[in-house]
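Architecture at a glance
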Amino acid sequence: MRKYSRALQTANFKRDYVTVLAVVIFFLIVIGELALSISIPVYFVRSDLWAVQLARQSLHRDFDSLRQRSRRLEEKGTLKDSIAGDENQLVLWNLNMMAHYLRAHRDTMPPEQAAAIARDLKGFNRIHLRASKKQPYNRIEKLDLQPALERLAKELEQKGTAGEK
């Protein structure tokens, strides 16, 4: 029979302990990597959902604010019978029509469509701001027909005199 020394037995135990520890750490690393590879896409999907919800809330808040301000400006009556007042009425009419659509499609609206509505709201807001200062957004220009009529009369005269020859 062979006698084992105590030092030899201790070295075998240490070697087995290190091997088991290395295998356990290896499997923990693999499990950690799998957990990360699954959790990162889930996190991005959740953050995208939050971003979409925040954008929708912002859209509805801006929409309601502009609609309320336009309604107040209309109720004041200070813009009656003016171009700025008519423009504010058009903005309010458009916002009321959009409100029906937004109410019906609040949860199913794609982000692209929400962005398009947000762009429209910015344009309506510019018109409303000008109307609140009693300045029309559009310029009304008078059409001067006299030079065009004179030129047409000359051309007709020239054709008439050329036809007589």
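Here goes a summary of the coordinates provided. The structure displayed is predicted, hence computed values, not measured ones.

1. Observations regarding the overall build of the protein chain
- When you go through the protein chain residue by residue, the secondary structure sums to four helices and zero strands.
- Listing every helix and strand of the protein chain by position from the N terminus yields α-α-α-α.
- The burial tally for the protein chain puts 17% of its 165 residues in the buried class.
- Of the contacts formed within the protein chain by residues at least 6 apart in sequence, a portion of 75% connects residues at least 24 apart.

2. Observations regarding a nonpolar patch on the surface
- Taken together, the side chains of Val23, Phe26, Phe27, Val30, Ile31 and Leu34 define a hydrophobic patch exposed on the protein surface, amounting to about 570 Å² of accessible area.
- Structurally, Val23 is set in helix α1 (residues 6-76).

3. Quick look at the side chain of Ser70
- With respect to the secondary-structure elements, Ser70 resides in helix α1.
- Apart from residues lying up to four places away in sequence, Ser70 is in contact with Asn88, Val91, Leu92, Leu95 and His128.

4. Description of the nonpolar core
- The biggest cluster of nonpolar side chains holds 14 residues, and the ones touching the most others in it are Leu59, Phe63, Leu95, Ile117, Leu121 and Phe124.
- Elements with a contribution of two residues or more to this core: α1, α2 (83-104) and α3 (111-132).
- Beyond its immediate stretch of four places on either side in the chain, Leu59 contacts Leu102, Met109, Ala114, Ile117, Ala118 and Leu121.

5. Thoughts on the pattern of salt bridges
- According to the stated counting rule, one finds one salt bridge in the structure shown.
- Here Glu155 ties to Arg151 by a salt bridge, and the two come within 3.7 Å at their closest N and O atoms. With Glu155 and Arg151 both in helix α4 (residues 146-164) and four residues apart, this pair spans about one turn of that helix.

6. Topic: α3
- Taking 1.5 Å as the rise per residue, α3 with 22 residues should run 32 Å; its terminal C-alpha atoms sit 31 Å apart, in good agreement.
- Listed in full, the buried residues belonging to α3 are Ala114, Ile117, Leu121, Gly123, Phe124, Ile127, His128 and Ala131.
- Immediately downstream of α3, the backbone of Lys134 shows phi near 65°, a positive value.

7. What about the packing of α2 against α3?
- The geometry of α2 relative to α3 is characterised by a closest axis approach of 9 Å and an angle of 155° between their N-to-C directions. Our classification of the angle between α2 and α3 gives roughly antiparallel. Handedness of the α2/α3 crossing: left-handed. Facing Ala84, Glu87, Asn88, Val91, Asn94, Leu95, Met98, Tyr101 and Leu102 of α2, the residues of α3 in contact are Gln113, Ile117, Leu121, Phe124, Ile127, His128 and Ala131.
- Its residues assigned to classes, the contact of α2 with α3 shows eleven nonpolar, four polar and one charged.

8. Some words on the side chain of Arg56
- Positionally, Arg56 belongs in helix α1.
- Since its relative accessible area comes to 15%, Arg56 is described here as buried.

9. A closer look at the packing of aromatic side chains
- Scanning the model with the defined rule gives one aromatic pair in all.
- Taking the centre distance of 5.6 Å and the plane angle of 70° together, the rings of Phe26 and Phe27 count as edge-to-face.

Analysis parameters
Residues numbered from 1 in each chain as written. Predicted model: local features only at pLDDT ≥ 70, side-chain atom pairs only at ≥ 80, totals over all residues. Heavy atoms only, no water. Helix = DSSP H or I, 4+ residues; strand = E, 2+ residues; numbered from the N terminus. Buried < 20%, exposed > 50% of the residue type's maximum accessible area, 1.4 Å probe, protein only. Contact = heavy atoms within 4.5 Å. Patch = residues over 30% accessible without salt bridge, like charges linked within 9 Å, V, L, I, M, F, W, Y side chains within 5 Å. Areas by Shrake-Rupley, 256 points an atom, 1.4 Å probe, with all protein chains shown as cover. Salt bridge = Lys/Arg side-chain N within 4 Å of Asp/Glu carboxyl O. Core = buried A, V, L, I, M, F, W, Y, C linked by side-chain atoms within 4.5 Å. Expected span 1.5 Å × (residues − 1). Axes fitted to C-alpha atoms, helices over the stretch in contact; angles between N-to-C directions. Parallel < 35°, antiparallel > 145°, perpendicular 65-115°, else oblique. Left-handed = near helix turned anticlockwise from the far one by under 90°. Nonpolar A, V, L, I, M, F, W, Y, C, P; charged D, E, K, R; others polar. Phe/Tyr/Trp six-rings, centres within 6.5 Å; stacked < 30°, edge-to-face > 60°.

Scope: geometric values only; no functional claims are made or implied.
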